[in-house]
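# Observations on the model geometry
Each chain is listed here by its residues.
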Amino acid sequence: MHSIIKAGQPVLLAGTSAALPLAGDCVQAGFPSPAEDFAVKRIDLTEILVKHPQATFLLRVRGDSMREAGIFDGDTLVVDRAIKPHHGHIVVAVVEGEFTVKQLHDRAGRIKLKPANPTYPEIIPRDGQTVEVWGVVTASIKQFGV
Amino acid sequence: MYAHVDGNNFYVSAENVFRPSLKGRPVVVLSNNDGCCISRSNEAKALGIKMGEPWFKVRHLEESAGLVGLSANFVLYGDMSDRMMSLAAGLGPTQEVYSIDLSAPGYCCVSFEKEVVDWCCD
């Protein structure tokens, strides 16, 4: 079957970031720190991964139909519903009421959903059948068990 | 000028986002302990189910009309509401949040409905 994303329990995205400024948040009562000029903002992973926080959801992948695109069973997908889907995007689509993650193929007005694993078939909508793109996958998070 | 922003069948709409198989079916969300219907899809309204109607009075429709009753997931509805409210907040200089699915930004913006429909709720 396809990489079906279990939708039972949506995961909340933290609204605030945990990153703090490195310096410049205290009053200096003496010689200013020469390091202050070199202070940089810390990297905020949420800021990098989430462009539209109100429209972004995290979904967990089940299955290996997108293996060759680097999406594996158990990975967490960052799905942005504010991005307009285009040819070549990896998308979460709704096929017969179920979520599936596939690559969107849109050429000459013909839409199909392509898996990234040769053992899975392409999904080509039949006449009158609609494919609903639920959101565009912008990142896949893989965590290693350590 | 005020804009009035109201999510349609809000709890059911929030559930539909993550359960696309429910689309087009009569669905109700039930209050704590599955007591009463507190949100109804348009299809459930068409079956004559009233707001606040006890579940035991309508559950026979599960068999006869394919009605789906869902236990409330208020954490999910709160999160979807926050998303909607923060979008609405960007449309005017001030905002008054009236309830989980109602708010009034200071003035109106025509693109709002499309944004919310596209972004979070269907």
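Residues numbered from 1 in each chain as written. Chains lettered and ligands numbered in written order. Predicted model: local features only at pLDDT ≥ 70, side-chain atom pairs only at ≥ 80, totals over all residues. Heavy atoms only, no water.

### Digging into the overall build of chain A
A tally of regular secondary structure across chain A gives one helix and six strands. When the helices and strands of chain A are read in sequence order from the N terminus, they spell out α-β-β-β-β-β-β. Across the 146 residues that make up chain A, the buried fraction comes to 32%. Counting contacts in chain A only where the partners sit at least 6 residues apart, residues at least 24 apart contribute 59% of the total. Accessible surface, chain A: about 9400 Å² in total, of which carbon and sulfur atoms supply 56%. (Helix = DSSP H or I, 4+ residues; strand = E, 2+ residues; numbered from the N terminus. Buried < 20%, exposed > 50% of the residue type's maximum accessible area, 1.4 Å probe, protein only. Contact = heavy atoms within 4.5 Å. Areas by Shrake-Rupley, 256 points an atom, 1.4 Å probe, with all protein chains shown as cover.)

### Brief notes about the packing of aromatic side chains
Applying the stated criterion to the full structure yields seven aromatic pairs over all chains. A centroid spacing of 5.3 Å and a plane angle of 75° characterise the contact between Phe 57 of chain A and Phe 18 of chain B, whose relative ring orientation is edge-to-face. With Phe 57 of chain A in strand 1 (residues 56-60) and Phe 18 of chain B in helix 1 (residues 10-18), this residue pair bridges two chains. Taking relative accessible area as the criterion, Phe 18 of chain B reaches 4% and is therefore assigned buried. Between Phe 74 of chain B and Tyr 77 of chain B, the aromatic rings sit 5.8 Å apart at their centres with planes inclined by 85°, giving edge-to-face as the arrangement. (Phe/Tyr/Trp six-rings, centres within 6.5 Å; stacked < 30°, edge-to-face > 60°.)

### Observations concerning the sheet that holds strand 6 (residues 132-141) of chain A
Whether parallel or antiparallel, the strands of a sheet pair through hydrogen bonds between backbone atoms. Residue and element names in this part refer to chain A. Strand order in this open sheet of six strands is 1-2-6-3-4-5, and the pairing throughout is antiparallel. Bordering the open sheet on either side are strand 1 and strand 5 (110-114), each of which pairs with just one other strand. Strand-to-strand, the axes of this sheet are offset by a mean angle of 45°, without reference to chain direction. Pairing of strand 2 (residues 76-80) with strand 6, which is carried by five bridges, proceeds in the antiparallel orientation. In the sheet register, Asp 80 faces strand 6, and the bridge partner there is Val 136. (Pairing = 2+ DSSP bridges. Axes fitted to C-alpha atoms, helices over the stretch in contact; angles between N-to-C directions.)

### Here's the deal with the sheet that holds strand 2 (residues 27-30) of chain B
Residue and element names in this part refer to chain B. Spatially, 3-2-4 is the arrangement adopted by the three strands of the open sheet, whose pairing is mixed. Edge positions in the sheet fall to strand 3 (37-40) and strand 4 (68-71), since each has one partner strand and no second. Recorded for the sheet is a direction-independent mean angle of 30° between the axes of neighbouring strands. Of the pairings in the sheet, the one linking strand 2 to strand 4 comprises four bridges and is parallel in character. What sits directly across from Leu 30, in strand 4, is Ser 71.

### Overview of the state of the cysteines
Residue and element names in this part refer to chain B. All chains considered together, the criterion is met by zero disulfides over all chains. No disulfide involves Cys 36; its sulfur sits 7.3 Å from the nearest other cysteine sulfur, which is in Cys 37. Relative accessible area serves as the criterion here: at 27%, Cys 36 is assigned to the partly exposed category. (Disulfide = S-S within 2.5 Å.)

### Re helix 1 of chain B
Turn by turn, an α-helix covers 3.6 residues, leaving residues three or four places apart pointing in a common direction. Buried residues dominate helix 1 of chain B, accounting for nine of its nine residues. Within helix 1 of chain B, the full set of buried residues consists of Phe 10, Tyr 11, Val 12, Ser 13, Ala 14, Glu 15, Asn 16, Val 17 and Phe 18 of chain B.

### Topic: the pattern of salt bridges
Pairs can form between side chains of opposite charge once their charged atoms are near each other. Residues and elements named next belong to chain A. Inspection of the entire model under this criterion finds eight salt bridges over all chains. With a shortest N-O distance of 3.1 Å, Glu 47 and Lys 41 are connected by a salt bridge. Of the charged contacts, one joins Lys 142 and Asp 75 as a salt bridge, the two residues approaching to 3.2 Å between their closest N and O atoms. Taken together, the residues span a long stretch of sequence, with Lys 142 in the segment after strand 6 and Asp 75 in the loop between strand 1 and strand 2 at a distance of 67 residues. Judged by its relative accessible area of 36%, Lys 142 is partly exposed. (Salt bridge = Lys/Arg side-chain N within 4 Å of Asp/Glu carboxyl O.)

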